[in-house]
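Close look at the chain arrangement
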Amino acid sequence: MQIKKYLLKCLHRLQKGPGYTYKELLVWYCDNTNTHGPKRIICEGPKKKAMWFVLTLLFTSLVCWQWGVFIRTYLSWEVSVSLSIGFKAMDFPAVTICNTSPFQYSKVKHLLKDLDELMEAVLERILGPELSHVNATRALNLTIWNYMPLVFINEQNPHHPVVLDLFEDNYNGSASSSPAPGRTCSAQGCKVAMRLCSHNGTTCNFRNFSSATQAVTEWYTLQATNIFAQVPKQELVAMGYPAEQLILACLFGAEPCNYRNFTPIFHPDYGNCYIFNWGMREKALPSANPGAEFGLKLILDMGQEDYVPFLTSTAGARLMLHEQMSYPFIKEEGIFAMSGMETSIGVLVDRLERKGEPYSQCTVNGSDVPIRNLYSDYNTTYSIQACIRSCFQDHMIHNCSCGHYLYPLPRGEKYCNNQEFPDWAYCYSALRMSLAQRETCIDVCKESCNDTQYKMTISMAVWPSEASEDWIFHVLSQERDQSTNITLNRKGIIKLNIYFQEYNYRTIEESAANNIVWLLSNLGGQFGFWMGGSVLCLIEFGEIIIDFVWITIIRLVALAKSLRQRRAQACYDGPPPTVAELVEAHTNFGFQPDTATQGPDAGPHPHEQTPPIPGTPPPNYDSLRLQPLDVIESDNEGDAI
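Reading the values: rules and limits
- Residues numbered from 1 in each chain as written.
- Predicted model: local features only at pLDDT ≥ 70, side-chain atom pairs only at ≥ 80, totals over all residues.
- Heavy atoms only, no water.
- Helix = DSSP H or I, 4+ residues; strand = E, 2+ residues; numbered from the N terminus.
- Contact = heavy atoms within 4.5 Å.
- Areas by Shrake-Rupley, 256 points an atom, 1.4 Å probe, with all protein chains shown as cover.
- Pairing = 2+ DSSP bridges.
- Axes fitted to C-alpha atoms, helices over the stretch in contact; angles between N-to-C directions.
- UniProt positions renumbered as here; feature names shortened; annotations may be inferred.
- Core = buried A, V, L, I, M, F, W, Y, C linked by side-chain atoms within 4.5 Å.
- Buried < 20%, exposed > 50% of the residue type's maximum accessible area, 1.4 Å probe, protein only.
- Parallel < 35°, antiparallel > 145°, perpendicular 65-115°, else oblique.
- Left-handed = near helix turned anticlockwise from the far one by under 90°.
- Phe/Tyr/Trp six-rings, centres within 6.5 Å; stacked < 30°, edge-to-face > 60°.
- Salt bridge = Lys/Arg side-chain N within 4 Å of Asp/Glu carboxyl O.

**Regarding the overall build of the chain**
Of regular secondary structure, the chain possesses 19 helices and 18 strands. For the chain, the share of sequence-separated contacts (at least 6 apart) that also reach a separation of at least 24 residues comes to 72%. Split by element, the accessible area of the chain, about 37100 Å² in all, is 56% carbon and sulfur.

**What to know about the sheet that holds strand β11 (residues 271-276)**
Overall, antiparallel pairing links the five strands, which are arranged β10-β11-β3-β14-β15 in an open sheet. Strands with a single pairing partner mark the edges of an open sheet, and in this sheet they are β10 (262-267) and β15 (335-337). The sheet shows a mean angle of 30° between the axes of neighbouring strands, direction not considered. Here strand β3 (residues 94-99) pairs with β11 via four bridges, running antiparallel. Bridged to valine 95 within β11 is phenylalanine 276.

**Notes on the UniProt feature "transmembrane region" (unreviewed entry) in the chain**
UniProt annotation of "transmembrane region" (unreviewed entry) refers to residues 50-70 when read in the numbering used here. The span residues 50-70 is 100% helix and 0% strand, and its two end C-alpha atoms sit 30 Å from each other.

**Here's the deal with the nonpolar core**
Looking at soluble globular proteins, one finds that nonpolar side chains tend to be buried together. The biggest cluster of nonpolar side chains holds 64 residues, and the ones touching the most others in it are Phe103, Leu150, Trp219 and Trp424. Ranked by the residues each element gives to this core, the list is headed by helix α9 (residues 212-228), at eight residues. Each residue touching leucine 150, except ones within four places of it in the same chain, is listed here: Val122, Trp145, Asp165, Leu166, Val192, Ala193, Met194, Ala215, Val216 and Trp219. If you look at the next biggest cluster of nonpolar residues, it comprises 34 residues, including Ala243, Leu246, Ile494 and Phe500.

**So, the packing of α9 against helix α14 (residues 424-432)**
Relative orientation of the contacting elements α9 and α14 amounts to 120°, with a least axis distance of 12 Å. Compared by their axis directions, α9 and α14 come out oblique. Read as a crossing pair, α9 and α14 show a hand that is right-handed. For the pair α9 and α14, contact is made by Glu218, Leu222, Thr225 and Asn226 and by Trp424, Tyr428 and Arg432, respectively.

**Quick notes on unusual backbone geometry**
That bond from glutamate 357 to proline 358 is cis: its omega, 0°, falls within 30 degrees of zero. Considering the arrangement of structural elements, one finds proline 358 in the loop between β16 (341-353) and α13 (384-400). For the bond from tryptophan 463 to proline 464, the omega torsion is -10°, close enough to zero to count as cis. Within the secondary structure, proline 464 is located in the loop between β17 (450-462) and α16 (469-481). For tryptophan 77, which is not glycine, the phi torsion reads 55° and is therefore positive. Structurally, tryptophan 77 is set in the loop between α4 (46-75) and β1 (79-86). By relative accessible area, tryptophan 77 is classed as partly exposed at 26%. Unusually for a residue other than glycine, asparagine 277 sits at a positive phi of about 65°. By the secondary structure assignment, asparagine 277 is in the loop between β11 and β12 (286-287). Relative accessible area serves as the criterion here: at 4%, asparagine 277 is assigned to the buried category.

**Remarks on the packing of aromatic side chains**
Counted according to the given criterion, the structure contains 25 aromatic pairs. A centroid spacing of 6.5 Å and a plane angle of 35° characterise the contact between phenylalanine 228 and tyrosine 405, whose relative ring orientation is tilted. One end of the pair, phenylalanine 228, is in helix α9; the other, tyrosine 405, is in the loop between α13 and α14, with 177 residues separating them in the sequence. Judged on exposure class, the residue phenylalanine 228 and its partner tyrosine 405 are both buried.

**Some remarks on the pattern of salt bridges**
Inspection of the entire model under this criterion finds 12 salt bridges. Close ionic contact of lysine 331 with aspartate 269 constitutes a salt bridge, the shortest N to O distance being 3.4 Å. With lysine 331 in helix α12 (residues 330-333) and aspartate 269 in the loop between β10 and β11, this residue pair connects regions lying 62 residues apart in the sequence. The salt bridge partner of aspartate 350 is arginine 506, with a shortest N-O separation of 2.7 Å. Of this pair, aspartate 350 sits in strand β16 while arginine 506 sits in strand β18 (residues 493-512), and the two are 156 residues apart along the sequence.

**Some remarks on the sheet that holds strand β4 (residues 150-154)**
Reading across the sheet, the four strands line up as β5-β4-β6-β7 and stay open at both edges, with antiparallel pairing between neighbours. Each edge of the sheet is formed by a strand with only one pairing partner; in this case those strands are β5 (162-165) and β7 (203-208). Adjacent strand axes in the sheet meet at a mean angle of 40° when their direction is disregarded. Pairing of β4 with strand β6 (residues 191-198), which is carried by four bridges, proceeds in the antiparallel orientation. The partner of leucine 150 across the bridge, within β6, is methionine 194.

Printed below as a string of structure tokens:
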């Protein structure tokens, strides 16, 4: 019962409204507000009223403009960067070491036999244009050649370039659509290009190169990719360099180590790679002190004499420093170590801590990136490099119906090869050069919010020296091959020293340049400076806005009721019944109202209008006592309910 009475009071209060008109409300606000300016508008004379009105309006506009500037600056989500230096015992980074040659030539020679013979013929054709000599010396297997041949492009006439196949007198594929019989070309007078076709040769394009070296290297790599993509991974691992042959000596600080302390991983570009201090579920190996004597020392044998001649043109080791649980993208982020040299690498650690949404588009673990991470099978953490390569492989499968050999393959898909996917090279080349594809992957992939970078200072010296190389090579040959003869030489030997250069680390941290405290202080400062206001003044202004809305709603409701009553009155010809008639008609069902006196000229059956019988009772006035006395109470203002 109490709740009902309370609700009735609230309803009556809402129907009553604030009790002011618009003018009274404005006068009350100007007279009672704590903001400077409005009081002077109603208290001064006409001229000063106008002056204070203009000043108040001007300063109000300035405050609103400044507020807009500060709010827009805050919503731009700018960050500030702070740099701090810390000193503590640090975890030694993971070290990935690869040979620049992915395979031993003695083990893959049978797979590359036809391709190598074709490569030798191509080089002979480029170096000597006598085609008959090439055809007479060997019978070539042109099956793989026909998928992506090399051609000469004679551009002596830029408007009508002529395309010539390396193994034919001429090739009917010139841009002028007319062959040039008897015409020959050499690398000196023509450019070497690679012809890539699709749809059974109906659609072709040419990849031009500024040097024949680049052309033949790219061509051989694509052909070798086609061959290795059809070989099982276990066989590829067996054809690479084993750890016991690559790693001759190992020392971490004062503790000896060997190849068993390295985790093997197969990299399509570099074959068998070996990682020290990687993928450990327990705590990573710490470094006791800075300096070379507390770091990692390695002696490696690259076995340069067994390199694949046309696949690898660089001799040495490829190495990379990275976090323990991150995948090594050694081709993009690694460095080379030269054979016959001692390479010392001093390491400095930078830790990056980025702000997340909405300040930057970074991700904590990659779960909010709509790209399937193909490197997650290695139990590694998310990185933008993994995302970009997974994105490219996804586009490769979608556009070319097969995956590229250099990237992990999703389940149920196949690697590209000439037999099953003869158009893959054309598709791969177009996708690789597509700017839209790169922009799509860059837009989708996000940087990691927390990252560790290792800055390296590299120095080199000849090792071993001429005075000591004899006994060093004797000892190393005895340890590896149990031979009294020297089986190693300077062309393949490398010594590495990896250590912390300083025993400190730098933390580069992003923080919000404009936080909520900055925003509120600037908003309040501008409001107080220009108008002498505070938070209470804003509450007063909010109150008057609410009252304005309240009065407007009540007036609109009253206007709607008035319009509805006018429509109802328009339905009757005569005047509406009085209140007394309505009450009598409601209490006395035999009551008939008096009708107008008929004139003398009225007809025998005059038309009489009977007022409608009301279907609702009259209003419950207090004076009629139509409800119990205990219900009738007055509100706080003395109005009857």
